[in-house]
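Remarks on the overall topology
Okay, here's what each chain looks like letter by letter:
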Amino acid sequence: MRMPIATPEVYSEMLDRAKAGKFAYPAINVTSSQTLHAALRGFAEAESDGIIQISTGGAEFLGGQYSKDMVTGAVALAEFAHIVAEKYPVTVALHTDHCPKDKLDGYVRPLIKVSQDRVAQGRNPLFQSHMWDGSAETLADNLEIAQELLAEAAKAKIVLEVEITPTGGEEDGVSHEINDELYTSVADAVRTAEALGLGEKGRYLLAASFGNVHGVYKPGNVVLKPELLRELQDGVGAKFGRKDPFYFVFHGGSGSTAEEISTALEHGVVKMNIDTDTQYAFTRPVVDHMFRNYDGVLKVDGEVGRKSTYDPRTWGKLAEAGMASRVVEAAQSLRSAGAKLK
């Protein structure tokens, strides 16, 4: 029987299939039930499995502006996803995006505990993976916290994602300059493998840096070096006697060329985060609708407007379709289109 939300075993199978098949799952950031549906619809239309993710800022938004509670927001949308995903003929994993050190106690650690409790009751975890973003810390401190989180995640049958060196730009208040430090070294990768193992201590994904920058930029404005991932695979693989030991995550991919994405896939990228592009794809049809129906969405000169144009369902459907289309494009670029689990 197909499970719309991946079990721990199915999630592992998804990651292994992606690495072996040299494709990656689009990891789509969502901030509402509507953007969740847009992501699921895009996956279904592309016949691609995928990853739904919630950042700390997204979770705070989902928690409502009265309390802004991140855990409440993340849990609520995850529970909602477990219900509505049944209507889409694909398999998705639920993930939490960037979480820096000062938000661990208010986000990732409580969410891991939620899944630990569910597993103790014989159920599956609520989320399938969580991200620890220690890129603002020293590598020693980053890996020390990662070791603790990996052990806790393993108890909940959860995969941990770690970011060991900075990604440039800004996302949810975490920012790094765009400079030569945006490239992970083989020495960094070796230290990561020494601290976290290569799967025997718990499964993890590695967000290595190869010039990535969060946010909006045009192709050519940022120097991406996806071939660096091959150096990391070979360097660590030689030391530990393991071919292509890492499962990589591609952050800050907006504006990447098809060639850069293809190179990254060849070297072990199994997950690519997509946020900026889908935000725009969601918003653009709404702006178009508002501009075209100015006198309908506003009560101009004492008129009453037109309810059919300012009804959120009218422009919301356009937003969902726009974002879903961009998710389809992402799946095609990452070669996951048509590769869903049967």
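For every chain, the first residue of the written sequence is number 1, and numbering continues from 1 along that sequence. Predicted model: local features are reported for residues with pLDDT of at least 70 only, side-chain atom pairs are reported and counted for 80 or more only, and whole-chain, interface and lining totals are derived from all residues. By convention in this description, side-chain values take in all heavy atoms of the structure and omit both hydrogens and water.

On a plain count of helices and strands, the protein chain comes out with 13 helices and 10 strands. The atom set for the radius of gyration is the C-alpha atoms, and the globule formula is 2.2 Å times the number of residues raised to the power 0.38. Taken over the C-alpha trace, the protein chain has a radius of gyration of 20 Å; the compact-globule value for 342 residues is 20 Å, and the two agree within 12%. Seen through its C-alpha atoms, the protein chain measures out along the principal axes to roughly 75 × 50 × 40 Å. Considering only residue pairs separated by 6 or more positions, the protein chain has 74% of its internal contacts joining residues 24 or more positions apart. Method for areas: the Shrake-Rupley scheme with a 1.4 Å probe, in which residue coverage is limited to the protein chains shown. In the form shown here, the protein chain has an accessible surface area of approximately 14900 Å², with 52% of it arising from carbon and sulfur atoms. Charge centroids of the protein chain, computed over 36 positive and 47 negative side chains, lie 6 Å from each other. Only DSSP runs of H or I with at least four residues qualify as helices, and only runs of E with at least two residues qualify as strands; both kinds are numbered from the N terminus onward. Only heavy atoms enter the contact rule, under which two residues are in contact if any of them lie within 4.5 Å. We score Asp and Glu as negative and Lys and Arg as positive, and we do not count His or the chain ends. Charge positions are represented by NZ for Lys, CZ for Arg, CG for Asp and CD for Glu.

We now examine the pairing of strand β5 (residues 159–163). Judged by how many residues are buried, β5 sits mostly within the fold: 5 of 5 residues are covered. For the exposure calls, accessible area comes from a 1.4 Å probe over protein chains only, and a residue counts as buried if that area is under 20% of its type's maximum, exposed if over 50%, partly exposed in between. Of the two faces of β5, the one holding Val 159, Glu 161 and Glu 163 and the one holding Leu 160 and Val 162 are both buried throughout. Relative to β5, strand β4 (residues 129–133) runs parallel, the two sharing 5 bridges. Looking at the pairing, Met 131 lines up with Glu 161 of β5. DSSP-based pairing: two strands are paired if at least 2 bridges between them are found.

Below, the discussion takes up the confidence of the model for the protein chain. Every residue gets a pLDDT, meaning the predictor's confidence in that residue, from 0 to 100. Residues at a pLDDT of 70 or more form 92% of the protein chain, whose mean pLDDT is 93. Confidence over residues 174–179 falls short of pLDDT 50; this stretch has 16 contacts with residues more than four positions distant or in other chains.

In this section: the pattern of salt bridges. The salt bridge criterion pairs a side-chain nitrogen of Lys or Arg with a carboxyl oxygen of Asp or Glu, the two atoms within 4 Å. Taken as a whole and assessed by the stated rule, the structure comprises 17 salt bridges. We note a salt bridge from Glu 266 to Arg 335, for which the minimum N-O separation is 3.1 Å. Highlighted residues: Glu 266 in helix α9 (residues 258–266) and Arg 335 in the segment after α13 (312–333), separated in sequence by 69 residues. By relative accessible area, Glu 266 is classed as partly exposed at 30%. With relative accessibility at 32%, the residue Arg 335 sits in the partly exposed group. A single salt-bridge network, built from bridges that share partners, covers Arg 41, Glu 45 and Glu 320.

Structural remark: α-helix, 3.6 residues per turn; residues separated by three or four positions point the same way. All of the buried residues in α9 are Glu 260, Ile 261, Ala 264 and Leu 265. The arc that holds every buried residue of α9, seen down its axis, measures 135°, which confines them to one face. Exposed residues pointing more than 90 degrees away from the buried face of α9 are listed as Ala 258 and Glu 259. Against α8 (228–240), β9 (248–250), β10 (269–274) and α13 lie the buried residues of α9. The arc in question is formed by the directions pointing from the helix axis toward the C-beta atoms.

Another point: the nonpolar core. Counting 74 residues, the largest nonpolar core has Tyr 107, Val 162 and Phe 246 as the members making the most contacts within it. Among the elements that make up this core, the one with the highest residue count is helix α4 (residues 70–84) (7 residues). Sequence-distant contacts of Phe 246, defined by excluding residues within four places in its chain, comprise Lys 19, Ala 189, Ala 193, Leu 198, Tyr 204, Leu 206, Leu 232, Gln 233, Val 236 and Gly 268. Counting residues in each nonpolar core, the second largest holds 18 residues, with Met 14, Ala 18, Leu 205 and Tyr 247 among its members. Think of a nonpolar core as a cluster: buried Ala, Val, Leu, Ile, Met, Phe, Trp, Tyr and Cys residues, connected wherever their side-chain atoms sit within 4.5 Å.

The next subject is the side chain of Ser 135. Note on placement: Ser 135 falls in the loop between β4 and α6 (139–155). Under the rule applied, a polar contact is a pair of N or O atoms within 3.5 Å (in protein, one hydrogen donor and one hydrogen acceptor; residues adjacent in sequence only if both atoms are side-chain atoms). Of the polar contacts made by the side chain of Ser 135, one reaches the side chain of Asp 133; its length is 2.6 Å.

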